[in-house]
Amino acid sequence: MSAPRTSMVAVTGPLVAATEFPQESGFDQSASLLAEGYRYMPNRFQRHGSDVFQATLMARRATCVMGEDAARMFYEPGRFTRRGALPPTTVMLLQDYGSVMTLDGEAHRVRKAMYMSLMTPEHMQQLYELVTDAWHTRLHRWIDADSVVLHDEAQRVLCRAAAEWVGIDMSDDEVETRTEEFAAMIEGSASVGPRNWRGMILRHRTERWASGLIEDVRANRIDPPAGSALDVIATHRDADGEEMSAEVGAVELINFLRPTIAVARYLAFGALALHQHPQYRDAVAAGGDAALEVVQEVRRFYPFIPAMGGVALAPFEWRGHRFDEGDWVLLDLYGTNHDPRLWEQPNRFRPERFTGWQGNAHTLIPSGGGDFHTNHRCPGEWITIGIIKTLLGLYVSSMRCEVPRQNFWIDLGRVPALPASGFVVSNVTPH
């Protein structure tokens with residue numbers, strides 16, 4: 001994809017090794033952050049010729065950083081807490097209070113172990129098979145439609161598959177209802193005004209539903225499959241030996257479902273990449289390492305989570321600068337994934353850059369970095385990769401379709417980003 005089409009911003013500039021970091025002028029930069037979205041930090045890194053600067057955001061002093069060195073600093077175990085690191089409405093829509101991401105120390109370790117226990121190869125493969133089944137079921141509806149929005153349809157596919165995977169039996173009507181709720185949480189997570197309000201209202205409805213499921217399991221009114229997420233969450237005991245409250249259990253159950261639905265964005269991005277770079281379709285259809293290279297480049301190239309926030313738990317030094325307890329640091333994920341020091345020609349879509357790639361927990365960080373077990377790195381990252389690989393494989397192999405003329409523009413000022421059309425396909429026929 002060409003840079004002008006998506007308005008990608010190159011990040012340049014040397015490392016800064018000084019006790020005083022560049023400063024953004026002005027009383028508060030919040031309006032600029034909201035207006036520029038993913039571009040806010042990259043624009044200023046470029047302006048200052050630096051990979052770190054300080055600014056006042058939401059009436060708080062923030063140190064904004066990017067790059068591998070910054071990611072290693074940020075993901076040093078025990079250095080930062082996520083509590084107070086993001087706006088309250090963002091936390092409530094994406095994680096909510098009491099979730100694993102808001103915990104630290106032993107409490108975090110024990111709760112994170114619960115998540116990781118469900119990330120076995122066998123359990124993840126079960127989800128991919130459920131995604132495949134749900135896709136083929138939904139495909140029959142697309143054949144009779146004049147056109148469909150791939151992103152919206154993928155959300156329904158993933159909601160159906162994720163619900164069954166965690167141990168919930170959903171009717172077609174309930175799939176529609178829950179998809180609407182999860183989509184509203186994702187859409188409103190980084191906004192102010194109506195999108196955010198709608199997400200908050202529907203989130204409360206979802207939490208009541210999920211709390212009821214936890215209570216029903218504990219009261220033996222429903223019996224989810226042994227080892228399913230619903231079963232594990234309802235019976236889990238935290239570091240203090242106590243069960244989670246039904247409300248916190250609901251939060252964690254939602255945290256298995258909502259992020260899965262969010263992966264629909266990657267299908268829209270991936271379909272767009274294959275439309276504009278059709279030479280990679282055969283690699284996706286073949287599966288294996290070649291398909292994985294395409295998936296990793298989709299995750300690197302396209303905008304997903306713009307940044308991660310942390311609040312220092314204790315004083316530390318980095319590049320001669322002293323950070324005090326309570327200092328707020330923002331790591332630019334999007335900027336790091338487009339850092340020319342890490343990625344040659346970062347604004348070009350080139351899956352072959354991942355040929356033979358051995359992995360690096362601090363360079364490819366679309367959902368965060370660091371270690372899965374000791375840090376707050378997303379425990380479902382490998383599931384995300386597997387789902388994208390599954391969906392793109394189905395897209396190129398299970399059907400034929402046309403891609404009509406439409407608006408592919410990706411507005412980097414809007415978080416979370418998506419091709420304007422959601423990626424429309426028409427004249428769908430089974431392959």
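Coordinates for the structure precede this section.
Throughout what follows, the structure given in this document is the object of discussion. (Residues numbered from 1 in each chain as written. Predicted model: local features only at pLDDT ≥ 70, side-chain atom pairs only at ≥ 80, totals over all residues. Heavy atoms only, no water.)

When its secondary structure is counted, the chain shows 17 helices and ten strands. Expected size for 431 residues packed as a compact globule is a radius of gyration near 22 Å; at 21 Å, the chain falls within 12% of this value. On the principal axes, the C-alpha backbone points of the chain span a range of 60 × 55 × 45 Å. Here the chain holds 431 residues, and the buried ones make up 58% of them. Taking as baseline every contact in the chain between residues at least 6 positions apart, the subset at least 24 positions apart corresponds to 74%. When the accessible surface of the chain is summed, it comes to about 17400 Å², and 52% of that surface belongs to carbon and sulfur atoms. (Helix = DSSP H or I, 4+ residues; strand = E, 2+ residues; numbered from the N terminus. Rg over C-alpha atoms; globule rule 2.2 N^0.38 Å. Buried < 20%, exposed > 50% of the residue type's maximum accessible area, 1.4 Å probe, protein only. Contact = heavy atoms within 4.5 Å. Areas by Shrake-Rupley, 256 points an atom, 1.4 Å probe, with all protein chains shown as cover.)

For the rest of this paragraph, the subject is the nonpolar core. Counting residues in each nonpolar core, the largest one holds 92 residues, and the members touching the most others are Trp-135, Ile-168, Leu-253, Phe-256, Tyr-302, Tyr-395 and Phe-423. Residue contributions to this core peak at ten residues, all from helix α8 (residues 150–166). Not counting chain neighbours up to four residues away, the residues in contact with Trp-135 comprise Trp-142, Leu-150, Val-157, Leu-267, Leu-391, Leu-394, Tyr-395, Ser-398 and Met-399. (Core = buried A, V, L, I, M, F, W, Y, C linked by side-chain atoms within 4.5 Å.)

Looking now at unusual backbone geometry. With an omega dihedral of 0°, the bond running from Val-415 to Pro-416 counts as a cis peptide bond. Relative to the elements of secondary structure, Pro-416 occurs in the loop between β9 (399–402) and β10 (424–430). In this structure, Arg-319 is a non-glycine residue whose phi angle is positive, near 55°. Considering the arrangement of structural elements, one finds Arg-319 in the loop between β6 (316–318) and β7 (321–323). Overall, Arg-319 belongs to the buried group, its relative accessible area being 16%. One non-glycine residue, Gln-345, adopts positive backbone phi at about 45°. Mapped onto the fold, Gln-345 is located in the loop between α16 (333–336) and α17 (381–397).

Next up on the list: the pairing of strand β5 (residues 307–312). Of all six residues in β5, six are buried; the element is thus mostly enclosed. Here β5 shows no split at all, with Ala-307, Gly-309 and Val-311 on one side and Met-308, Gly-310 and Ala-312 on the other all buried. Note that strand β3 (residues 80–81) and β5 share two bridges and pair antiparallel. Within the sheet, the bridge partner assigned to Thr-81 lies in β5 and is Val-311. Here β5 runs beside strand β8 (residues 328–332); their pairing, made up of five bridges, is antiparallel. Residue pairing across strands places Gly-309 opposite Leu-330, the latter belonging to β8. (Pairing = 2+ DSSP bridges.)

So, on to helix α9 (residues 172–188). For α9, built from 17 residues, the straight-helix expectation of 24 Å at 1.5 Å per residue is met to within 8% by its first-to-last C-alpha distance of 24 Å. Burial within α9 is extensive, with twelve of its 17 residues counted as buried. Restricting attention to buried positions, one finds in α9 the residues Glu-174, Val-175, Arg-178, Thr-179, Glu-181, Phe-182, Ala-183, Ala-184, Met-185, Ile-186, Glu-187 and Gly-188. (Expected span 1.5 Å × (residues − 1).)

Two pairing modes exist for strands in a sheet, parallel and antiparallel, and in both the strands are linked by backbone hydrogen bonds. The strand order across the open sheet built from three strands is β4-β10-β9, with neighbouring strands paired in antiparallel fashion. The two strands at the open ends of the sheet, each matched to only one other strand, are β4 (147–149) and β9. Across this sheet, the average inter-strand angle for adjacent strands is 50°, counted without regard to direction. With respect to the sheet, α17 is in contact with β9 and β10, its orientation differing from that of β9 by roughly 75°. (Axes fitted to C-alpha atoms, helices over the stretch in contact; angles between N-to-C directions.)

So, on to the sheet that holds strand β1 (residues 52–57). The sheet built from five strands is open, its strands ordered β1-β2-β8-β5-β3 with mixed pairing. In this open sheet, the two strands that pair with only one neighbour each are β1 and β3. In this structure, β1 lies alongside strand β2 (residues 60–65), joined through six bridges in antiparallel fashion. Considered in β2, the bridge of Thr-56 is made with Arg-61. Along the sheet, helix α3 (residues 40–48) makes contact with β1, β2, β5 and β8, crossing β1 at roughly 130°.

Here Leu-364 is to be found in the loop between α16 and α17. With 68 residues separating them in the primary sequence, Leu-364 and Gln-296 have C-alpha atoms 8.5 Å apart.

Let us now look at α17. Because the α-helix completes a turn every 3.6 residues, residues three or four places apart line up on one side. Given a rise of 1.5 Å per residue, 17 residues ought to cover 24 Å, and the 24 Å separating the end C-alpha atoms of α17 matches this to within 8%. The element α17 is extensively covered by neighbouring structure, given that 14 of its 17 residues are classed as buried.

We now examine the pattern of salt bridges. Pairing of side chains with opposite charge becomes possible as their charged atoms draw close. On inspection of all chains with the given rule, the structure shows 33 salt bridges. Between Arg-156 and Glu-176 there is a salt bridge; the shortest N-O distance is 3.1 Å. Residue Arg-156 is found in helix α8, and its partner Glu-176 is found in helix α9; the two are separated by 20 residues along the sequence. Of the residues examined, Glu-176 reaches a relative accessible area of 31% and is grouped as partly exposed. Residues joined in a network through salt bridges with shared partners are Glu-174, Arg-178, Glu-180, Glu-181, Arg-198 and Arg-205. (Salt bridge = Lys/Arg side-chain N within 4 Å of Asp/Glu carboxyl O.)

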